[in-house]
Amino acid sequence: MILGKFGEIGELIFEIDLITLDEEEYSIELLLDTGFTTGWLAIDIQDIAGLGWNIIEQNRTMRMARGEAFFDIYEGKVKLDGQEYIIPVLAGEGIPEPLLGLQWLKILPLTVNFSTGILTLG
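Keep in mind it's a predicted model, so treat the numbers as computed, not measured. (Residues numbered from 1 in each chain as written. Predicted model: local features only at pLDDT ≥ 70, side-chain atom pairs only at ≥ 80, totals over all residues. Heavy atoms only, no water.)

Draft legend 1. Representation of the environment of Gly39 in the model. With respect to the secondary-structure elements, Gly39 resides in the loop between strand S4 (25-32) and strand S5 (41-44). Gly39 sits in the buried class, given a relative accessible area of 5%. The spatial distance from the C-alpha of Gly39 to the C-alpha of Glu29 is 17 Å, given a sequence separation of ten residues. Not counting residues within four places of it along the chain, the set of residues in contact with Gly39 comprises Gly101, Leu102 and Gln103. (Helix = DSSP H or I, 4+ residues; strand = E, 2+ residues; numbered from the N terminus. Buried < 20%, exposed > 50% of the residue type's maximum accessible area, 1.4 Å probe, protein only. Contact = heavy atoms within 4.5 Å.)

Draft legend 2. Fine view of the pairing of strand S3 (residues 12-19). Within S3, seven of the eight residues are buried, leaving the element largely enclosed by the surrounding structure. With two bridges joining them, strand S2 (residues 5-6) and S3 adopt antiparallel strand pairing. Its bridge partner lying in S3, Lys5 is registered against Ile13. From the end of S2 to the start of S3, which pair antiparallel, there are five residues, and Gly10 there has a positive phi angle of about 90 degrees. (Pairing = 2+ DSSP bridges.)

Draft legend 3. A look at the environment of Leu121. For Leu121, the position within the fold is in strand S11 (residues 118-121). Here the alpha-carbon distance between Leu121 and Met1, two residues 120 residues apart in the chain, equals 5.5 Å. Those residues in contact with Leu121 that lie beyond four places of it in its chain are Met1, Ile2, Phe14, Leu80, Leu100, Leu105, Leu108, Pro109 and Leu110.

Now the structure itself:
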């Protein structure tokens with residue numbers, strides 16, 4: 001189980017580790033996006049460049065809140081609460097902050113209690 005924190009306007013923020021092809025780990029904070037229903041992780045294309053992940057698919061068109069956008073799909077390796085996962089990662093231009101998608105909730109329980117300040121995933 002990983003502990004999260006609430007953002008200024010109630011955003012659900014967690015920290016995970018991205019694991020490079022060379023097995024180096026980088027911790028990042030990301031937002032659990034309840035509108036990101038079809039994926040696991042979305043990250044800006046510039047941020048993904050140094051990870052060495054293999055590309056699976058290029059230029060997939062997806063509908064976003066701001067209209068259609070193009071994404072490359074990478075095979076990414078991440079760690080949550082000591083457990084490693086290999087997942088498809090959407091990489092595109094103009095993603096202001098990394099996003100966790102709702103696919104995580106198919107395998108990990110989410111606990112959100114604003115009144116007590118408890119936010120956990122896993």
